[in-house]
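# An overview of the molecular structure
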Amino acid sequence: MATEPAATGAIGGIAIGTVLETRGVRKRFGGIVALDGVDLQVRRGEIRALIGPNGAGKTTLINVITGLFAPTDGEVRLDGRPITGLSPKAIARRGVVRTFQRTTIFAGCSVFDNILVACAAARRYRRDTAGATPVRDAAAAVLETVGLQDLRGVQASSLSHGDQRLLDIAIGLAMRPAVLLLDEPTAGMSLAETRHMVDIINQLRGAASIVIVEHDMDVVRETADTVSVLSSGRVIAEGDPATIRENEQVRDIYLGR
Amino acid sequence: MTVTRARDGHGRRWWGPWLVAACALALLPLVSSAFNEFWDFFFTEMAILALLGVSFNVVYGYGGRHSFCQGMFYGIGAYVTAWLAQRGDVHPLLVVAAATLAASGVAFVAGVVFIRTGTHNFTIATVILGIVAFLTGNTLRWLTGGEDGLNFTLPVSHVAGLAFPPAGIRGKLHLTVAILFVVLFALAWVMRSTAGKIVVAIRENELRAQYLGYGVFAWTLVIFTIGGALAGLAGALYALTVNHVSTSVFDLGLSINAIVWTVVGGLGTVLGPVVGVALLLPITDYLSSLIVYSAIPVGILLVLVVTFAPEGIVGRLGRARSDVVHAERHPTDGSEPVIGSATPGGVTHGH
């Protein structure tokens, strides 16, 4: 696990602590229980993978954390302070930033403007983290980080699928998030694009705590410090990638035994 | 495959064309001295209606909310001008300011009520509001003069040595063209700023903007209020030009015309509404002298534009000018600014 040095290195001074926590989060849609008491602690600076079969409640959990739905029961805390039931806007301003399963970018704007708008949001709402760098320079730096600097003038809608996914994550990154929630970042990507995405995610280690919902176990193995397995709305196992791979219960769920 | 370079307008000398245009406009008095009263009035009307088109363009072309009640704001601006002018004791500049403020105030209140209902309901609500304004205007005859309208003259006062409102139709032509130019320049400037980029981003993806912490409601409200102010200003200019206002200003047809001009000219482009009005107003005037149902050919033209050039005339011209670069990654320099950036909709074409 690479958690320890990264966490202390990046956040300087604060020992490994929980940055994001859900306590007994339940979410019911009519008769369907999507989340059935999820307890999750994301440590500062770590990359946490959230895996589980379809319908396990992974995206619902992200939706509850980011304020799209209020939980039926339970609590979400950021840095120990409850954020349960706040609006998506308010939660984003506190530094919990997400991406979506479907690419969600400003399609008609240039690549640069996509990032510019996010950097401007960081400047407005994340004052403590946004430095004195002019917004335009900050945006250029983010493009550099993800390797889209050569496409800055291109309209986002005419990027390839892989580059659009990359831009999607760059928008989240530009917000200087405390917690970045990535919902299937490599979905629909080619092998080469997936490799690039893995590199990018690993580069972000320490800069933000990252929760990544992922089906590709190779990606999980190469990025995650800790894996939480969600099944039928509950966390059924937690541990480092190697341990989880050996876990009988997890194998049963994935192999449908 | 080729990729169209977005015209993000980050060029440094973007104001160059505006400077040229300003110099050209300074020569307008020389040109207009060749006009007779018909042309003076015709071009004044064109500039006023272009301003109304700009107000719709701000709300929909940039803000992404379809408004069918820009004509109502125009009517409010015109009537407030008429009422205050009839009092005879209000400074004419204050009259215009009050008319603009009144229209933006109504837009603000309507926005507070409508915006949260979502984009589609918002559109329907503006249609209803427009119709209610028309019916109310015709019912309150004692206030509006009904279809006969109100006659008035705005007292003339001197501002910095210039008569306001200017005497004669030619002076009013110069005034409205100058105001239109200032509004267009301000729009171009704002849309290039970060605030402008945020407005367009919200139009492009409200959901994502919200998840970046942006108050979509507040931004949209500001845009709608500005749109109301611009339409109100256009109405005030109309009123002080013709010295007569009737409830026909509340006709829904005016709002619809503003939409047609803007769509044909180019939604979300600075010059779109101006080009749309300049093209369609003469056509409509000519056709209506020939046939009763002049709206039919205009409607056909609209369908053709929406089908074959959904980005409008200015949008299409701008696209042709913008560089086409290969999808392969290679450095692109600071892009050439084109007046009227941020055309909605992605453009990808085969090679």
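These figures come from a predicted structure and were not determined experimentally. (Residues numbered from 1 in each chain as written. Chains lettered and ligands numbered in written order. Predicted model: local features only at pLDDT ≥ 70, side-chain atom pairs only at ≥ 80, totals over all residues.)

### Concerning the sheet that holds strand E1 (residues 18-29) of chain A
Sheet strands pair by backbone hydrogen bonding; their relative direction is either parallel or antiparallel. Residues and elements named next belong to chain A. Across the sheet, 4 strands lie side by side as E2-E1-E4-E5; this open sheet has antiparallel pairing. For this open sheet the edge positions go to strand E2 (32-43) and strand E5 (81-82), each flanked by a neighbour on one side alone. Inspection of the sheet shows E1 paired to E2 by 9 bridges, in the antiparallel sense. Bridging across to E2, Arg-26 finds its partner in Asp-36. Sitting on the sheet, helix H2 (residues 58-65) is in contact with E1, E2 and strand E4 (73-78), with an inclination near 70 degrees to E2. (Pairing = 2+ DSSP bridges. Helix = DSSP H or I, 4+ residues; strand = E, 2+ residues; numbered from the N terminus. Contact = placed C-beta atoms within 7 Å. Axes fitted to C-alpha atoms, helices over the stretch in contact; angles between N-to-C directions.)

### Topic: the nonpolar core
In this structure, Ile-115, Cys-119, Ala-170 and Ala-174 of chain A are the most contacted members of the largest nonpolar core, which totals 172 residues. Per element, the largest residue contribution to this core is 15 residues, and it comes from helix H11 (residues 216-242) of chain B. Here this core spans two domains, and each of domain 1 (1-95 + 180-257) and domain 2 (105-176) of chain A adds at least three residues to it. Among all residues touching Ala-170 of chain A, those that are not within four sequence positions of it are Ile-115, Val-142, Leu-143, Val-146 and Leu-148 of chain A. (Core = buried A, V, L, I, M, F, W, Y, C linked by C-beta atoms within 7 Å. Buried ≥ 20, exposed ≤ 12 C-beta atoms within 10 Å, placed from the backbone. Domains from an automatic or database assignment.)

### Some thoughts on the confidence of the model for chain A
Per-residue confidence for chain A gives a mean pLDDT of 89, with 92% of residues at or over 70. The model gives residues 1-15 of chain A a pLDDT under 50, and that stretch makes 26 contacts with residues more than four places away or in other chains. (pLDDT = per-residue confidence, 0-100.)

### Quick notes on the sheet that holds strand E8 (residues 209-213) of chain A
All names here are of chain A. Spatially, 6 strands are ordered E6-E7-E8-E3-E9-E10 in an open sheet, and the strand pairing comes out mixed. Two strands in the sheet have a free side with no partner beyond their single neighbour: strand E6 (96-98) and strand E10 (234-239). For this sheet, the mean angle separating the axes of adjacent strands, direction not counted, is 20 degrees. With 5 bridges connecting them, strand E7 (residues 179-183) and E8 associate as parallel partners. Within E8, the position partnered with Val-179 by the bridge is Ser-209.

### Focus on the pairing of strand E9 (residues 226-231) of chain A
Residues and elements named next belong to chain A. Counting buried positions along E9 yields 6 of 6 residues, so the element is predominantly enclosed. In E9, alternate side chains face the same way, and those of Thr-226, Ser-228 and Leu-230 on one face and Val-227, Val-229 and Ser-231 on the other are all buried. Bridge analysis of strand E3 (residues 47-51) against E9 gives 4 bridges, and the strand direction is parallel. Looking at E9, one finds that Arg-48 is bridged to Thr-226. With 5 bridges connecting them, E9 and E10 associate as antiparallel partners. The partner of Val-227 across the bridge, within E10, is Gly-239. Where E9 folds back on E10, the antiparallel hairpin that results is connected by 2 residues, among which Ser-232 adopts a positive phi of roughly 50 degrees.

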